[in-house]
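Take a look at the letters that make up each chain.
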Amino acid sequence: MKPIIEILRLKYEAKLSHEKIARACGLSKGVVSKYVNLAKAQGVSWPLPEGVDEVALEALLYPARKTPGRFVPPDGFQIHQALKRKGVT
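Every value quoted in this text rests on a predicted model; they were computed, and no experiment measured them.

Further remarks concern the overall build of the protein. Each helix and strand counted, the protein has 5 helices and 0 strands in total. Put simply, the protein runs from its N terminus to its C terminus through helices and strands in the order α-α-α-α-α. Over its C-alpha trace the protein gives a radius of gyration of 23 Å, far above what one expects of a compact globule, namely 12 Å for 89 residues. With the C-alpha coordinates of the protein rotated into their principal frame, the extents come out at 70 × 30 × 20 Å. In the protein, the share of contacts with a sequence separation of at least 24, taken over all contacts with a separation of at least 6, comes to 48%. Positive and negative side-chain charges of the protein, numbering 15 and 8 respectively, have mean locations separated by a distance of 14 Å.

Moving on to the environment of Ser 17. Note on placement: Ser 17 falls in the loop between helix H1 (2-12) and helix H2 (18-25). Sequence separation between Ser 17 and Ile 4 is 13 residues; the distance between their C-alpha atoms is 15 Å.

What follows concerns the nonpolar core. The nonpolar side chains of a soluble globular protein tend to be buried with one another. By size, the foremost hydrophobic cluster in this structure holds 16 residues, and its most contacted members are Val 44, Leu 57 and Leu 61. Elements represented by at least two residues in this core include exactly H1, H2, helix H3 (29-42) and helix H4 (54-61). Ignoring anything within four residues of it in the chain, the contact list for Val 44 reads Leu 8, Ala 39, Leu 57, Leu 60 and Leu 61.

Looking now at unusual backbone geometry. Cis geometry is found at the peptide bond from Trp 46 to Pro 47, where omega equals 0°. Considering the arrangement of structural elements, one finds Pro 47 in the loop between H3 and H4. The backbone of Lys 15 shows a phi angle near 55°, a positive value even though the residue is not glycine. Note on placement: Lys 15 falls in the loop between H1 and H2.

Here is what the cut-offs are and how they apply
- Residues numbered from 1 in each chain as written.
- Predicted model: local features only at pLDDT ≥ 70, side-chain atom pairs only at ≥ 80, totals over all residues.
- Heavy atoms only, no water.
- Helix = DSSP H or I, 4+ residues; strand = E, 2+ residues; numbered from the N terminus.
- Rg over C-alpha atoms; globule rule 2.2 N^0.38 Å.
- Contact = heavy atoms within 4.5 Å.
- Lys, Arg positive; Asp, Glu negative; His and termini not counted.
- Charge placed at Lys NZ, Arg CZ, Asp CG, Glu CD.
- Core = buried A, V, L, I, M, F, W, Y, C linked by side-chain atoms within 4.5 Å.
- Buried < 20%, exposed > 50% of the residue type's maximum accessible area, 1.4 Å probe, protein only.

Rendered as structure tokens:
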């Protein structure tokens, strides 16, 4: 998570281009763009709010996804019993 903090610092504090940030951090321009756009989308800006460390920043940038409740998981035992009947393949 350290590179993300460094990328945000170089982008907003030093006002460097994505190419220069990529060279400084040893990353590709695409990765730098991905992290900057992700931070913008989640509303994270520089300076980071007080008390935000690497773990808190990761939670801000990658919120937990909710699983869709539309489908019910199949019942393996019931399927197994149905397949044991004669003539069922």
